[in-house]
Protein chains: 2
Amino acid sequence: MRLARLIGTLSPRHPPPRSLPFSTTSSSSSSVASDAPARVLGVGGVLRGEPRRFSGADVAAYAAVSGDRNPLHLDAEFARGVAGFERGSVVHGMLVASLFPSLIASHFPGAIYVAQTLSFRQPVYVGDEVVAEVQAIYLKESKKRYIAKFTTKCFTNQECLVIDGEATTLLPTLVLNK
Amino acid sequence: MRLARLIGTLSPRHPPPRSLPFSTTSSSSSSVASDAPARVLGVGGVLRGEPRRFSGADVAAYAAVSGDRNPLHLDAEFARGVAGFERGSVVHGMLVASLFPSLIASHFPGAIYVAQTLSFRQPVYVGDEVVAEVQAIYLKESKKRYIAKFTTKCFTNQECLVIDGEATTLLPTLVLNK
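Residues numbered from 1 in each chain as written. Chains lettered and ligands numbered in written order. Predicted model: local features only at pLDDT ≥ 70, side-chain atom pairs only at ≥ 80, totals over all residues. Heavy atoms only, no water.

*Asks:* Break down the overall build of chain A for me, with residues and values.
*Replies:* Each helix and strand counted, chain A has five helices and eight strands in total. In sequence order, the secondary structure elements of chain A are arranged as β-β-β-β-α-α-α-α-α-β-β-β-β. A buried classification covers 51% of the 178 residues belonging to chain A. Intrachain contacts of chain A at a sequence separation of at least 6 include 65% that bridge at least 24 residues. Looking at chain A as shown, the accessible area adds up to about 7,800 Å², and 52% of this sits on carbon and sulfur atoms. (Helix = DSSP H or I, 4+ residues; strand = E, 2+ residues; numbered from the N terminus. Buried < 20%, exposed > 50% of the residue type's maximum accessible area, 1.4 Å probe, protein only. Contact = heavy atoms within 4.5 Å. Areas by Shrake-Rupley, 256 points an atom, 1.4 Å probe, with all protein chains shown as cover.)

The following block contains the structure:
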């Protein structure tokens, strides 16, 4: 289940979005009536991911595929004792940050990532619930695609900002996939 | 085997590094004589990772743990036909970018990632050989740690820049682990 919310302004080249704000989940998107107006991303539009908890197994799987075996992520005693992370193993920041392209691509399959800035403000511990949120701040049509710039934020406990930054993408359309 | 190279200037608080430039691999680090001078990162010091090829299985594993199932990465026909990536499936940019913290942590276990900027300049296709390289551009001691800023670059074919950016980290020491 992926929770998504769009609070958007109109794109001049597309039909108007549904009344805003609204929420959908990925598995319930099929329940939207087929004659409902297309939902369109506009400047100011917000997409929010479903809550996610990275497990120890997730962190181990990511360490295996990325090769990043920093003991901060894999050894709770090391993380506590040496690095001062009192709650133990910390999820790789780049794994948490993967929620941003994941969220964007879930709404815009075929989205191409052009750039990303990331500020890791607080640690995310294994098992913490995190939610990613992106907001469109710039949209421009270019060569049958759309340059879309988003703020990218990730929160724990619905309010603590753990990652902040911006992403620049090329979207095939501004019409949301779900 | 991880190929690493350090071309560094001296840190005033540490013994001098070995003659530079030099190369080591992770598995051969134990062959360095125990009385060899410690190798110390200085401004200008370069660390280079071993060549890496991300396989289709790697991309699938990353998609599973990150949740990023953008068909650009998992469907070669989609990547070619819809997005114009003529050589097929593209490795997730954030997976390729994971080589930077992986490289830094391999030399400085316990390194804490503070920030990263990423510009994805060229696609990396499944099976392409990539090499990550970071260069220290700013070092400052702070509260028994070191603030270390690096340029972060990733190349294919030893010359084509595919990812460019900068990372800011907190290092527990400037003495290289290997």
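We are not done yet, so read on.
*Asks:* Could you give me a rundown of the packing of aromatic side chains, with the residues and numbers involved?
*Replies:* Counting across every chain of the model gives five aromatic pairs over all chains. Relative to Tyr62(B), the ring of Tyr62(A) has its centre 6.3 Å away and its plane inclined at 45°; by these criteria the two rings are tilted. Note that Tyr62(A) is positioned in helix H1 (residues 56–66) and Tyr62(B) in helix H1 (residues 56–66), a pairing that runs across two chains. Relative accessible area serves as the criterion here: at 1%, Tyr62(A) is assigned to the buried category. (Phe/Tyr/Trp six-rings, centres within 6.5 Å; stacked < 30°, edge-to-face > 60°.)

*Asks:* Kindly report on the relation of the copies chain A and chain B, identifying the contributing residues and their values.
*Replies:* Once chain A is rotated about the relating axis by 180° and shifted along it by 0.0 Å, it coincides with chain B to within an RMSD of 0.0 Å. Such a turn and shift between the copies fits a two-fold axis. In terms of proximity to the rotation axis, the leading residue of chain A is Thr117(A), whose C-alpha is 2.1 Å off the axis. An overlap of 100% is found between the interface residues of chain A and their copies at the interface of chain B, pointing to a shared contact surface. (Least-squares fit on C-alpha atoms with pLDDT ≥ 70 in both.)

*Asks:* Go over H1(A), please, and point to the residues and values.
*Replies:* Residues separated by three or four positions in an α-helix point in the same direction, a consequence of the helix having 3.6 residues per turn. Inspection of H1(A) places Asp58(A), Val59(A), Tyr62(A), Ala63(A), Val65(A) and Ser66(A) among the buried residues, and these make up the whole buried set. Immediately downstream of H1(A), the backbone of Gly67(A) shows phi near 85°, a positive value.

*Asks:* Requested: an account of the UniProt feature "domain: MaoC-like" (unreviewed entry) in chain A, with residues and values cited.
*Replies:* Mapped onto the present numbering, the UniProt feature "domain: MaoC-like" (unreviewed entry) falls on residues 50–145 of chain A. For residues 50–145 of chain A, helix accounts for 36% and strand for 27%, while the C-alpha atoms at its two ends are 27 Å apart. (UniProt positions renumbered as here; feature names shortened; annotations may be inferred.)

*Asks:* Which residues make up the domain arrangement of chain A, and what values do they have?
*Replies:* Residue and element names in this part refer to chain A. Taken domain by domain, chain A comprises domain 1 (3–54 + 91–171) and domain 2 (55–90). Listed by partner, the interface residues are 12 residues for domain 1 and 14 residues for domain 2. Around 1,100 Å² of area is buried between domain 1 and domain 2 when both sides are counted, 65% of it from carbon and sulfur atoms. We note a salt bridge from Asp-58 to Arg-52, for which the minimum N-O separation is 3.5 Å. Linking domain 1 to domain 2 there are five residue pairs in polar contact (both at pLDDT 80 or more). When contributions to the side of domain 1 that touches domain 2 are tallied by element, the ones reaching two or more residues are strand S4 (52–53) and helix H4 (93–97). For the side of domain 1 that touches domain 2, a count of residues per class yields eight nonpolar, one polar and three charged. (Domains from an automatic or database assignment. Buried area = accessible area lost by both parts, 1.4 Å probe. Salt bridge = Lys/Arg side-chain N within 4 Å of Asp/Glu carboxyl O. Polar contact = N/O pair within 3.5 Å; in protein donor to acceptor, adjacent residues only side chain to side chain. Nonpolar A, V, L, I, M, F, W, Y, C, P; charged D, E, K, R; others polar.)

*Asks:* Account for the interface of chain A and chain B, naming residues and giving values.
*Replies:* The extent of an interface is frequently quoted as the accessible surface area lost upon association of the parts. Each partner contributes residues to the interface: chain A has 38 residues there, and chain B has 39 residues. Buried area between chain A and chain B, summed over both chains or domains, comes out near 2,800 Å², and the portion from carbon and sulfur atoms is 60%. Counting the surface chain A buries against chain B, the share from its top three residues, Val65(A), Met94(A) and Phe120(A), is 21%. Along the contact surface separating chain A from chain B lie zero salt bridges. Run the count over chain A and chain B and you get 14 residue pairs in polar contact (both at pLDDT 80 or more). Elements that contribute at least two residues to the side of chain A that touches chain B include exactly H1, helix H2 (71–74), H4, helix H5 (99–107) and strand S5 (112–120) of chain A.

*Asks:* So what's going on with unusual backbone geometry? Which residues, and what values?
*Replies:* Of note in this structure, Lys143(A) is not a glycine but carries a positive phi near 55°. For Lys143(A), the location among the structural elements is in the loop between strand S6 (129–142) and strand S7 (145–156). Its relative accessible area of 80% is what places Lys143(A) among the exposed residues. A positive phi is found at Lys144(B), a non-glycine position, where the angle reads about 65°. Note on placement: Lys144(B) falls in the loop between strand S6 (129–142) and strand S7 (145–156). Note on Lys144(B): relative accessible area 77%, which makes it exposed.

*Asks:* Tell me about the pairing of S6(B), and please be specific about residues and values.
*Replies:* Residue and element names in this part refer to chain B. Sheet topology note: the strand S3 (residues 46–48)/S6 ladder contains three bridges and is antiparallel. Counted as the bridge partner of Arg-48 is Glu-133 from S6. Alignment of strand S4 (residues 52–53) against S6, held across two bridges, turns out to be antiparallel. Across the sheet, the residue bridging to Arg-53 is Glu-129, located in S6. The sheet contact formed by S6 and S7 spans 12 bridges and is antiparallel. Residue Ala-132 lies in a different strand from S7, and its bridge partner there is Cys-154. What sits between the antiparallel neighbours S6 and S7 is a turn of two residues, in which Lys-143 has the positive phi angle 55°. (Pairing = 2+ DSSP bridges.)

*Asks:* Break down the environment of Leu103(B) for me, citing the residues and quoting the values.
*Replies:* In this structure, Leu103(B) sits in helix H5 (residues 99–107). With 60 residues separating them along the chain, Leu103(B) and Val43(B) place their C-alpha atoms 17 Å apart.

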